[in-house]
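# Summary of structural features
Listed below are the residues making up each chain.
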Amino acid sequence: MKVKSNYLYPLATIVLLLVVWQALVTIFQVQSWLLPSPWEIGRTIVSKWDLLWQHSVYTLSEALLGLILATGFSLLLAFMMSAIPLLYRSFYPLLVISQTIPIIVLAPLFLVWFGYGYLPKVLVVILICFFPLVINVLAGFNAADPYLLRFYQSMGAKPLQMFRRIRLPAVLPYFFGGLRIAATYSIMGAVIGEWLGATKGIGLLLTRAQRSYDMPLVFASIVTIIFWSAVVFLSIRIWERLMLRWKGEQKVKQKTEL
Amino acid sequence: MSIWVEQLTKYYCLNGESIKVLEDLSFAMEKGEFVSVLGPSGCGKSTLLETIAGMTSVDEGNVTIDGKVCFMPQNDMLLPWLRLIDNAVLPSVLQGKSNDELILLKNKANKLLPLFGLQEFKQSYPHQLSGGMRQRVALLRTYLLGGDFWLLDEPFAKLDALTREELQDWLLQVWHYASTGVLFVTHDIEEAIRLSSRILLLSARPGRLLEEYVIEPSLSQTQALALKQKIKERMSLD
């Protein structure tokens, strides 16, 4: 019952908003190049399905590659930072400062340095996904109860086993918390990368449609971005549920709700 | 096999200040004995157990142990991502024991489940168990270490009265079965009288040995009440 209503309320709200939107556009006869109706957006999605799909594949691959690389890189850095205090003290402020640089300023630089190809987009995704992952994993590495560690150490536990059996599993909930945020940002990062210059991708489609005042296609692209972000987010949620089965359902929710 | 504590003094460092928690404490116990350490909260009872367990160092005096001690802290120390049996054999896993040894140990643990009243919970994670059940798992873990002495730090402090009484009876049963020595820390006078054959009464911080009471196994209800009164009076005198 509870699970059902979790989906029911947001779905009902969306449907209601769409109905209001449709009604307003119809009643006031808003021009389609200004604001298309949901119905028209839907029709565009169906008719331009091939186009949207082709560009989606490109954007998705950039986002996923970036996300995977960011995950590996942040795990490594977080582990080293938690193991070596000097590294932590030198890098932590830098990490935070790096987040104050607007990505929209960095992306054109990447363009200059790496051209219009695949690489600058992946770099933007990495840059965006990196931060929430590192911060969360770091918190996870510091979360292990020192008394518990000392207790098992006094019983002759081997350092490698301690890491594998205690510290690593303790990081998992934090890791997934960060990964979920990073995943939602990943598609957006790829789109931002494509905005500034690309040969393929939803971001490119979006800018082209915008320049030719093809508003239905602009909205169709936005819906596509939302759709893929949701798919990535939900896949990670399912993976998280599988990996963290030892937590009660309720507890997972309370601790990691965005 | 025995434990000797001789003129043990222990300091605790808090905000750069050194606080004396135990002062000139001496006692000895044999394997097979059930000894309670009774005292007000914060009198250094837990520190005493941690010192005997080797988790912290001895500042002054001597602790000599002939045999193997196994410590069970107040918190159950269970890992939430491990099922009951895996939690019970965790110390051996962490020590890097071989797979064959672990299988043997798990078999042993499985055989012990009825004695520990955990049979139906074999596949459970800690969050699915009640507080009393978790303490039983923690004791099973302590048991499987195969020590000569168990150091139990207020194992029943967080439980409700009914569960506590039930677990007290059960603990005596397990103790008879395992025939180890138990050093049992508590602040509950009744619990100490009910369980132990000897009570070491500690003062408020810094913990000194105030009195030692030997309890006859055939203690009647009225005698127990009288003893409780006597201990209470002694504590208020301090």
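What counts as what
Residues numbered from 1 in each chain as written. Chains lettered and ligands numbered in written order. Predicted model: local features only at pLDDT ≥ 70, side-chain atom pairs only at ≥ 80, totals over all residues. Helix = DSSP H or I, 4+ residues; strand = E, 2+ residues; numbered from the N terminus. Rg over C-alpha atoms; globule rule 2.2 N^0.38 Å. Buried ≥ 20, exposed ≤ 12 C-beta atoms within 10 Å, placed from the backbone. Contact = placed C-beta atoms within 7 Å. Axes fitted to C-alpha atoms, helices over the stretch in contact; angles between N-to-C directions. Parallel < 35°, antiparallel > 145°, perpendicular 65-115°, else oblique. Left-handed = near helix turned anticlockwise from the far one by under 90°. Nonpolar A, V, L, I, M, F, W, Y, C, P; charged D, E, K, R; others polar. Pairing = 2+ DSSP bridges. Core = buried A, V, L, I, M, F, W, Y, C linked by C-beta atoms within 7 Å. Domains from an automatic or database assignment.

### Considerations on the overall build of chain B
If you tally the helices and strands in chain B, you get 8 helices and 9 strands. The C-alpha radius of gyration of chain B comes to 18 Å, within 12% of the 18 Å expected for a compact globule of 238 residues. If one aligns the C-alpha atoms of chain B with their principal axes, the spans along those axes are about 55 × 45 × 35 Å. Of all 238 residues assigned to chain B, the portion counted as buried reaches 38%. For chain B, long-range pairs separated by at least 24 residues make up 71% of all intrachain contacts whose partners lie at least 6 apart in sequence.

### Side note on the packing of helix H5 (residues 131–144) of chain B against helix H6 (residues 161–178) of chain B
For any two helices packed against each other, the geometry comes down to the angle between their axes and how far apart the axes lie. All names here are of chain B. At a minimum axis distance of 11 Å, the contact between H5 and H6 shows a crossing angle of 15°. With respect to H6, the axis of H5 lies roughly parallel. In this structure, H5 meets H6 at a crossing whose hand is right-handed. Taken together, the residues of H6 that come into contact with H5 (itself represented by Gly132, Gln135, Leu139 and Tyr143) are Thr163, Leu167, Val174 and Ala178. A breakdown of the residues in the contact of H5 with H6 according to their chemical character gives 5 nonpolar, 3 polar and no charged.

### Topic: the pairing of strand S1 (residues 2–14) of chain B
With 10 bridges connecting them, S1 of chain B and strand S2 (residues 17–30) of chain B associate as antiparallel partners. Looking at S2 of chain B, one finds that Tyr11 of chain B is bridged to Lys20 of chain B.

### Concerning the interface of chain A and chain B
With 18 residues of chain A in contact, the opposing surface of chain B contributes 15 residues. When contributions to the side of chain A that touches chain B are tallied by element, the ones reaching two or more residues are helix H7 (146–154) and helix H8 (159–195) of chain A. Here the residues of the side of chain A that touches chain B are counted per class, giving 9 nonpolar, 4 polar and 5 charged.

### A short note on the nonpolar core
Counting 115 residues, the largest nonpolar core has Val125, Cys129, Val137 and Ala182 of chain A together with Leu151, Leu183 and Phe184 of chain B as its most contacted members. A total of 15 residues in this core trace back to one element, the largest contributor, which is helix H6 (residues 118–141) of chain A. Setting aside anything within four residues of it in sequence, one finds Val125 of chain A in contact with Glu62, Ala63, Gly66, Leu67, Ala70, Ser186, Gly189, Ala190 and Gly193 of chain A.

### Concerning the sheet that holds S1 of chain B
Residues and elements named next belong to chain B. Sheet architecture is open: 3 strands sit in the order S2-S1-S4, paired in antiparallel fashion. Each end of this open sheet is capped by a strand with a single partner; those strands are S2 and strand S4 (60–65). Averaged over all neighbouring strand pairs, the angle between strand axes comes to 25°, with direction disregarded. Strands S1, S2 and S4 of the sheet are contacted by helix H1 (residues 45–53), whose axis makes an angle of about 115° with S1.

### With respect to the sheet that holds strand S9 (residues 209–214) of chain B
Within a sheet, neighbouring strands are paired by backbone hydrogen bonds and run either parallel or antiparallel to one another. Residues and elements named next belong to chain B. Here 6 strands make up an open sheet; going across it, the order is S5-S6-S7-S3-S8-S9 and the pairing mixed. Each end of this open sheet is capped by a strand with a single partner; those strands are strand S5 (69–72) and S9. If you compare each strand with its neighbour and ignore which way they point, the axes differ by 15° on average. One ladder, built from 4 bridges, connects S5 with strand S6 (residues 149–153); its direction is parallel. When the sheet's bridge partners are listed, Met72 is paired in S6 with Leu152.

### Re unusual backbone geometry
Residues and elements named next belong to chain B. Pro206 follows Arg205 through a cis peptide bond whose omega is -5°. Among the structural elements, Pro206 can be located in the loop between strand S8 (198–202) and S9. One non-glycine residue, Ser179, adopts positive backbone phi at about 45°. Within the fold, Ser179 resides in the loop between H6 and strand S7 (181–186). Looking at Ser179, the number of C-beta atoms within 10 Å reads 9, which means it is exposed.

### Structural notes on the packing of helix H4 (residues 99–116) of chain B against H5 of chain B
Residue and element names in this part refer to chain B. Relative orientation of the contacting elements H4 and H5 amounts to 135°, with a least axis distance of 11 Å. In terms of orientation, H4 lies oblique with respect to H5. Considering how the two elements wind past one another, H4 and H5 form a crossing that is right-handed. The residues of H5 that touch H4, namely those facing Leu105, Lys108, Ala109, Leu112 and Phe116, are Arg136, Leu140, Tyr143 and Leu144.

### Things to note about the domain arrangement of chain A
For chain A, the assigned domains are domain 1 (1–30) and domain 2 (36–256). Put simply, the middle of domain 1 of chain A and the middle of domain 2 of chain A, counted by C-alpha atoms, are 29 Å apart.

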